[in-house]
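This is what each chain is made of:
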Amino acid sequence: MDLEKLFPKILKPALGCTEPVAVALASAAAVQATAGWALAPPHRPLAAPDADGVESIRIRVNRNIFKNAFAIFIPNAPGHKGILMSGALGVFCDPGLELQLFRDLEPEVIRRAESIIANGRVSVEIADVATETDLFIEATVRLRTGGQVSEGACVIRDHHTNIVMLARDGQTIYRKAAPNPAARLLDDELEELRLMSLADIVGLVGHLPAPVQELVRQTIALNMRACEAGMSQPMGLGAGYHGIGGSTYIDLAHYVSSMAAAGSDARMSGFPLEVMSSAGSGNQGIIATMPVVAWARSQPLEESRLLAAVALAHLVTMRITLHVGYLSALCGVAIKAGIGAACGIAYAMGGDAADISRTVKIMAASLAGMICDGAKPGCALKVGTSADMATRAAQLALKKMEVSEDEGIVAPTAEETIANLAKLSRSMGIVDDEIVSIMNDKLKRC
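Let me sum up the structure you'll find in this document. Quick caveat: nothing in here was measured; it's all calculated off a predicted structure.

To continue, consider the overall build of the protein. A tally of regular secondary structure across the protein gives 17 helices and eight strands. Taking 22 Å as the expected radius of gyration for a compact globule of 446 residues, we find that the protein reaches 21 Å, a close match to that expectation. Taking the principal axes of the C-alpha coordinates as reference, the protein spans close to 75 × 50 × 45 Å. Within the protein, buried positions represent 59% of all 446 residues. The long-range fraction of contacts in the protein, counting pairs at least 24 apart against all pairs at least 6 apart in sequence, stands at 76%. For the protein, the distance from the average site of its 40 positive side-chain charges to the average site of its 47 negative ones is 3 Å.

Turning next to the packing of aromatic side chains. Following the criterion strictly, the structure yields one aromatic pair and no others. With a centroid separation of 5.7 Å and an interplanar angle of 45°, the aromatic rings of Phe 66 and Phe 70 are classed as tilted. For Phe 70, a relative accessible area of 15% puts it in the buried group. One residue, Arg 305, lies across the ring of Tyr 347, its end atom 3.8 Å from the ring centre.

Let us look at the nonpolar core. Membership of the largest hydrophobic core comes to 92 residues, with the highest contact counts inside it found for Leu 193, Leu 312 and Leu 315. Counting residues per element, this core draws most heavily on helix α12 (residues 303-324), which supplies 14 residues. Of all hydrophobic cores here, the second largest spans 55 residues; its members include Ala 51, Ile 65, Leu 105 and Ile 435.

A cluster of acidic side chains, namely Glu 405, Asp 406, Glu 407 and Glu 416, defines a negative patch on the protein surface. Within the secondary structure, Glu 416 is located in helix α16 (residues 414-426).

Cut-offs applied
- Residues numbered from 1 in each chain as written.
- Predicted model: local features only at pLDDT ≥ 70, side-chain atom pairs only at ≥ 80, totals over all residues.
- Heavy atoms only, no water.
- Helix = DSSP H or I, 4+ residues; strand = E, 2+ residues; numbered from the N terminus.
- Rg over C-alpha atoms; globule rule 2.2 N^0.38 Å.
- Buried < 20%, exposed > 50% of the residue type's maximum accessible area, 1.4 Å probe, protein only.
- Contact = heavy atoms within 4.5 Å.
- Lys, Arg positive; Asp, Glu negative; His and termini not counted.
- Charge placed at Lys NZ, Arg CZ, Asp CG, Glu CD.
- Phe/Tyr/Trp six-rings, centres within 6.5 Å; stacked < 30°, edge-to-face > 60°.
- Lys NZ or Arg CZ within 6 Å of the ring centre and 35° of its normal.
- Core = buried A, V, L, I, M, F, W, Y, C linked by side-chain atoms within 4.5 Å.
- Patch = residues over 30% accessible without salt bridge, like charges linked within 9 Å, V, L, I, M, F, W, Y side chains within 5 Å.
- Areas by Shrake-Rupley, 256 points an atom, 1.4 Å probe, with all protein chains shown as cover.
- Salt bridge = Lys/Arg side-chain N within 4 Å of Asp/Glu carboxyl O.

Rendered as structure tokens:
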């Protein structure tokens, strides 16, 4: 396993929730496609259009993107949230910035986006691609310059920055080769990780290359900054500041929960701080990092052990993602990054591969039913709950408590339990449809 190649695929800086920024990325790329942009050079060849020149923006997304871009605040656009604003802002942004696309939003750009929406020139449709991919975005933008009308289109699928098609005036100018449908998410390193046992993954983190250690340090620094911001003042729901946390802590799990929830508070409120995302999600990046770090603050833990523990948390998060999907009907904070955090804490406590396997099963037995009803400030509550349970699961696993394979979806091994989580998630299409229907009714009332 080449860890120096693998970790940059798991850990990526992101400003704001990754689903709205992916919608904006699709709009940005569609605009540039009208000028023949086909991913090279990396930055836009076409200047941002005037608001009057944008005739229409049509956004098609699958239900996972719709849920997660529906009600989340956008950084550097105070008071603005949601999929319509994301699509409108994107036409004025640089697709070369990828997940940092909202970094340089100016007031004039926000006013242009408001004008486009007010004039009814942005539409959203839910695409029926549930069996094809967990993540799908198609943006089609019509621009008028003088007397000329041009149209650009972009399709993103499978993961947040994976542009697979660009078109200009109905003619394809870029198409990414279609991978094998059975392995559409994967390259060599990710495929190897997907097939690894938990014991093998635990063995990997004992010898992290220096560049990986530095990336993990950067992950801790970025995500700690967001948590400290959320603890300094109420943001979003204020779950870390006063809802879960407060001036006193009941126990260590309460402290860990508060720190993690505060980071989600800051991020989901649109506070303009980058976090390091994990497996495509900023909240997953926070919870796969901060519970381990918060626990370590209470112990005399060597840095090398801390870095290994955080690295393990992200590897487990990614491994589960490769089975469950980047987006799913189940809450990724709970069943992916929450499990990863629990494994990281167990490792930091001195646990071995058997302890970590027990930890996975305890977490699955506890949080498997937590649904994903979209990205929103309330996600901080799920982050806090998952971080609390991650700490307690690790503690229980180190005491050799084990959930029997006779119980529910828990299987004889951690790996089989993860496979059952994937089956459970895939079976919840009806639940997901109902969640999207409820949210779509809200959009129609806006």
